[in-house]
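The primary structure of each chain is shown beneath.
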Amino acid sequence: MTGVEEAVAGELRLVDPAVRTSPDEAARLLHPEFTEVGASGRRWGRDDMLAALPEMTGGDPGGPRYEVSGMTGVQLAPDVVHLTYETVIAGRRARRSSLWRRDPDAGGVWRLYHHQATPVPQGTP
C-alpha cells in the first residue's frame, strides 16, 4: 500500500465507533505528538483526545455515524501525507485536513500527526 492509501485507511478507522471507543486502537493511530484543532475551535493533545474520544459524537455504535466524502490525499514527502475531505454527522458538516506521518519508532506505521476540522455553515455549497 502507498502512504496515501495507508493514511486513508487509518483516517476511516478513526471514524469507526469500534475504534473511537477503544483507547488502545485509537492510540495505535495517533502519533505521540498528535495535535488537533477541532470544529469547536478547541485545541487537543493526544492524551486529551484519547480520554475524550469514546464519549464524542460518532462513538456510539447505535448513534449517528460520520459520513465521509471527497477524501483525497497527497504524499508531501516520503514520510508525510496530507488528506482533505468532508464529513457530515447529525446534520453538521465540516471540512477536514489531516497530516499523517510514518513513525519509525512504531515500526514504520502511519499515524495521525495533526488534524483540523472547520465547520461549514448551513447553506454553503
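For the structure, check the block above.
First, a word on what this report is: a plain description of the structure on this page. (Residues numbered from 1 in each chain as written. Predicted model: local features only at pLDDT ≥ 70, side-chain atom pairs only at ≥ 80, totals over all residues. Heavy atoms only, no water.)

**Points about the overall build of the protein chain**
A count of helical and extended segments in the protein chain gives 4 helices and 6 strands. Taken from the N to the C terminus, the helices and strands of the protein chain come in the order α-α-α-β-β-α-β-β-β-β. The dimensions of the protein chain, computed from C-alpha atoms along their principal axes, are 40 × 30 × 25 Å. Looking at the protein chain residue by residue over its 125 residues, the buried ones come to 34%. Taking the intrachain contacts of the protein chain between residues at least 6 apart in sequence as the baseline, contacts between residues at least 24 apart amount to 46%. Accessible surface, the protein chain as shown: approximately 6,900 Å² in total, 52% of it carbon and sulfur. Taken as two groups, the 14 positive and 17 negative side-chain charges of the protein chain have centres that lie 4 Å from each other. (Helix = DSSP H or I, 4+ residues; strand = E, 2+ residues; numbered from the N terminus. Buried < 20%, exposed > 50% of the residue type's maximum accessible area, 1.4 Å probe, protein only. Contact = heavy atoms within 4.5 Å. Areas by Shrake-Rupley, 256 points an atom, 1.4 Å probe, with all protein chains shown as cover. Lys, Arg positive; Asp, Glu negative; His and termini not counted. Charge placed at Lys NZ, Arg CZ, Asp CG, Glu CD.)

**Some points on the packing of aromatic side chains**
Under the defined criterion, the tally for this structure stands at 0 aromatic pairs. Residue placement shows Arg42 over the ring face of Trp44; its charged tip is 3.7 Å from the ring centre. (Phe/Tyr/Trp six-rings, centres within 6.5 Å; stacked < 30°, edge-to-face > 60°. Lys NZ or Arg CZ within 6 Å of the ring centre and 35° of its normal.)

**Overview of unusual backbone geometry**
Although it is not a glycine, Ala90 adopts a positive phi angle of roughly 50°. For Ala90, a relative accessible area of 52% translates into the label exposed.

**So, the sheet that holds strand E3 (residues 67–77)**
Strands sit in the order E2-E1-E6-E5-E4-E3 across an open sheet of 6 strands; the sheet is mixed. Among the strands making up the open sheet, the edge pair consists of strand E2 (43–45) and E3. Sheet twist, expressed as the mean angle between neighbouring strand axes with direction ignored, is 15°. On the sheet, helix H1 (residues 3–14) packs against strand E1 (30–37), E3, strand E4 (80–89), strand E5 (92–103) and strand E6 (109–119) and is oriented at approximately 145° with respect to E3. (Pairing = 2+ DSSP bridges. Axes fitted to C-alpha atoms, helices over the stretch in contact; angles between N-to-C directions.)

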